[in-house]
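# Architecture at a glance
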Amino acid sequence: MTPEDRFPGPEHPHSGPRHQPDLDVLPYGTYYEPEPAPGYQGTPYEAETYSGYGGARYLEQHWHDGQGHGHTVHAQGPGQEQHHDQGRHHGQVGYEGGYDQQDRTGYEPQDHGGYEPQDHGGYEPTLPDQPSPALQLTDQLGDQLGDQLGDQLGDQFGDQLTDRDDPPTIELGPPLPDPAAPTYPYPAPGPGEPPGPVYVVGDVHGYLEELRAELHHQGLIDDGGHWSAGRARIWFLGDFTDRGPDGIGVIDLVMQLAAEAAAAGGYCRALMGNHELLFLGAAKYGDEPVQSTAGTASFLAAWRLNGGQQSDLDRLEAHHISWLSRLPAMGLEDGHLLLHSDTTAYLEYGESIPDVNDAVHSLLADGGVDEWWDCFRRFTKRFAFRGDAGPTAVHELLDTFGGTRVVHGHSPIPYLTGAVHADDGQPPHIPGPYVYADDLAVAMDGGVTMEGRLLVARLPI
């Protein structure tokens, strides 16, 4: 069976122009780290992406419920009006969940809800040597109940009412689950029922109509764009925005499918790509200068340089920011190590998947603009798995994080194969996911931004 037979592509409209060159760039032409780590041997691609190790703990992500009550946020670029919300200016926005310390989402610490600690409301404390009226009343009730229900029942009930030293009775709950039993991030399957199949989705880059067409072609959504995959598991590999016409629409669809899949017993999850870091940085820091190896740069300038769409920034809301900032950087599903970028830079953030995810999450919550920029720069690297040293780089990740095969997006398949431009001027032919590095790596970026395909595939491939 040929790859074309295994991954037939649907006919779908072209929802916007494709921009070339497609590779992500940093301002002033900087891209790779100039020097490899001392003592590390490999091809230039590998040397440019090698990294060291770090460590942290992973804070489990939770999908935002969409009730963010946040304001629509706008980054102020040249010619843009200043945001009128107090405390936000020059491309900076208020973030839920700790981004903007001045924005408390309606909480006013001066308002005690009518409670005044100085006003006792007429209450006079009972002297220590006098029985309180409440205790006298409970004694009377205990005696009356004793007369009516019997001395034994009355004494027991009276003791419960009057004895202030006895702790209240606490009903025991169900027994604790067996720690050795398997756990699931979705409703547990019935007896003999296996988890649903696993699908991965490559870079979308704002091409919402192509995404809908491919998900429907795979039977994952219905004609109305709603989840129809039951207990299936879907992972988006990141890069929802930039270059295409409707990045916010893509984010809204993925968030919708996450809720619908959970209700159906499956799940829909997503990884954080380098364009998520870039988009969040453009919204949070705007034109604030960052320390770049090539001189002064900014998130907003880099975002525009890499196909950022002003309409996406204009429509970005607090619940989008909260959801994007909690995306994991990597995951493991049925032996597949899921990454966005084909780089070994993940090793710099931890020695386990939880460590890496927690480190990135903590950086976005507490890091400054230069730390954000450094993280974006590292996850923009690519091509670590290509060439003679590619299998060695893949093994380095698998030996550290687990799994038997890496699945990634980020680098378009035409660039990995060298077939960027066909001799006849036609768009690159992308029959399906690209398996390489001694069958250890699967590339899922079909080059939708360059007249290629938006890939959705079922694992294993």
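Here the residue numbering is sequential within each chain, running from 1 through the sequence in written order. Totals for whole chains, interfaces and linings use all residues, but because this is a predicted model, local features are given only for residues with pLDDT of at least 70 and pairs of side-chain atoms are given and counted only at 80 or more. Computation of side-chain values: all heavy atoms of the structure, hydrogens and water removed.

## Let's talk about the overall build of the protein
To keep it simple, the criterion reads: Numbered from the N terminus, helices here are DSSP runs of H or I no shorter than four residues, and strands are runs of E no shorter than two. Residue burial is assigned from relative accessible area. The probe radius is 1.4 Å, only protein chains are included, and a residue is buried under 20% of its type maximum, exposed over 50%, and partly exposed in between. Contacts were defined at the residue level, with two residues in contact if any of their heavy atoms lie within 4.5 Å. Per-residue and other accessible areas follow the Shrake-Rupley method at a 1.4 Å probe size, with only the shown protein chains counted as cover for residues.
A count of helices and strands for the protein gives 14 helices and 11 strands. When burial is assessed residue by residue, the protein has 48% of its 461 residues classed as buried. Intrachain contacts of the protein at a sequence separation of at least 6 include 78% that bridge at least 24 residues. Accessible surface for the protein amounts to roughly 23000 Å². Of this, 51% is attributable to carbon and sulfur atoms.

## Some remarks on helix α5 (residues 208-217)
We apply this condition: Throughout, the arc means the angular range of directions from the helix axis out to the C-beta atoms.
For α5, the set of buried residues is L208, E210, L211, E214 and L215. Projection of α5 onto a plane perpendicular to its axis shows the buried side chains occupying an angular sector of 160°, all on one side. Looking at the buried residues of α5, the elements they touch are β1 (198-201), β2 (233-236), α6 (247-264) and β11 (456-459). Phi turns positive, to about 75°, at G219, one or two residues after α5.

## Brief notes about the side chain of E276
Going by this rule: The term polar contact refers here to a pair of N or O atoms within 3.5 Å; inside protein, the definition further demands a hydrogen-donor-capable atom paired with an acceptor-capable atom, and it admits residues adjacent in sequence only when both atoms are side-chain atoms.
Counting through the fold element by element, E276 comes out in helix α7 (residues 274-285). Within polar-contact distance, the side chain of E276 engages the backbone nitrogen of F240 at 2.8 Å.

## Observations regarding the packing of aromatic side chains
Applicable threshold: Under the pairing criterion, centres of Phe, Tyr and Trp rings, with the six-membered ring standing for Trp, must be within 6.5 Å; the plane angle then separates stacked pairs below 30 degrees from edge-to-face pairs above 60, leaving the rest tilted.
For the structure on display, the rule yields 12 aromatic pairs. Geometrically, the ring pair formed by F279 and W303 is stacked, given 6.1 Å between the ring centres and 20° between the ring planes. With F279 in helix α7 and W303 in helix α8 (residues 299-305), this residue pair connects regions lying 24 residues apart in the sequence. Across the pair, exposure class does not vary: F279 and W303 are buried alike. Consider the rings of F299 and F376, whose centres lie 6.2 Å apart with planes at 55°: the pair is tilted.

## Quick word on the sheet that holds β2
Heads up, the rule is: Following DSSP output, two strands are said to pair if at least two bridges run between them. A fitted line through C-alpha atoms serves as each axis, taken over the contacting stretch for helices, and the angle formed by two N-to-C directions is quoted from 0 to 180°.
Reading across the sheet, the 4 strands line up as β3-β2-β1-β11 and stay open at both edges, with mixed pairing between neighbours. Among the strands making up the open sheet, the edge pair consists of β3 (267-270) and β11. Shown here is a sheet whose adjacent strand axes are inclined to one another by a mean of 20°, direction ignored. Across 4 bridges, the pairing between β2 and β3 is parallel. Bridge pairing in β3 links R233 to Y267.

## Some words on the packing of α6 against helix α10 (residues 318-325)
For clarity, the cut-off: When an angle is under 35 degrees it counts as roughly parallel; over 145 it counts as roughly antiparallel; between 65 and 115 it counts as roughly perpendicular; any other value is oblique. Helix crossings get a hand from a simple test, with the near helix turned counterclockwise from the far one by less than a right angle marking a left-handed crossing and a clockwise turn marking a right-handed one. For this scheme, ten residues count as nonpolar: Ala, Val, Leu, Ile, Met, Phe, Trp, Tyr, Cys and Pro. Four count as charged, namely Asp, Glu, Lys and Arg, and the remainder, Gly too, count as polar.
It is at 11 Å that the axes of α6 and α10 come closest, and there the two elements cross at 70°. Our classification of the angle between α6 and α10 gives roughly perpendicular. The way α6 lies across α10 gives a crossing that is left-handed. On α10, the residues that touch I248, I251, D252, V254 and M255 of α6 are H319, H320, W323 and L324. When grouped by side-chain class, the residues that make up the contact of α6 with α10 number 6 nonpolar, 2 polar and 1 charged.

## What about the pattern of salt bridges?
Let me state the cut-off plainly: Within this document, salt bridges are pairs made up of a side-chain nitrogen of Lys or Arg and a carboxyl oxygen of Asp or Glu, the two lying within 4 Å of each other.
Considering all chains together, one arrives at 8 salt bridges under this definition. Measuring nitrogen to oxygen at the nearest pair gives 3.1 Å for the salt bridge that ties R382 to D24. One end of the pair, R382, is in the loop between α12 (369-379) and α13 (390-401); the other, D24, is in the loop between α1 (3-6) and α2 (44-49), with 358 residues separating them in the sequence. Exposure remark for D24: the relative accessible area of 4% places this residue in the buried category. Each of E348, D374, R377 and R378 takes part in one network of salt bridges that share partners.

## A short note on the sheet that holds strand β10 (residues 441-443)
On the basis of which strands lie adjacent, the open sheet formed by 5 strands has the order β6-β7-β8-β10-β9 and mixed pairing. Each having just a single partner strand, β6 (330-333) and β9 (434-436) make up the two edges of the open sheet. Pairwise comparison of adjacent strand axes, ignoring direction, gives a mean angle of 25° for this sheet. Against the sheet, helix α11 (residues 353-366) makes contact with β6 and β7 (336-339), and its axis sits at roughly 150° relative to β6, the strand it touches most. Contacts from α13 reach β6, β7, β8 (405-408) and β10, with the element oriented near 110° to β7.

## So, the environment of E451
Following the sequence through the fold, E451 ends up in the loop between β10 and β11. A C-alpha to C-alpha distance of 9.7 Å links E451 and I430, two positions 21 residues apart in sequence.

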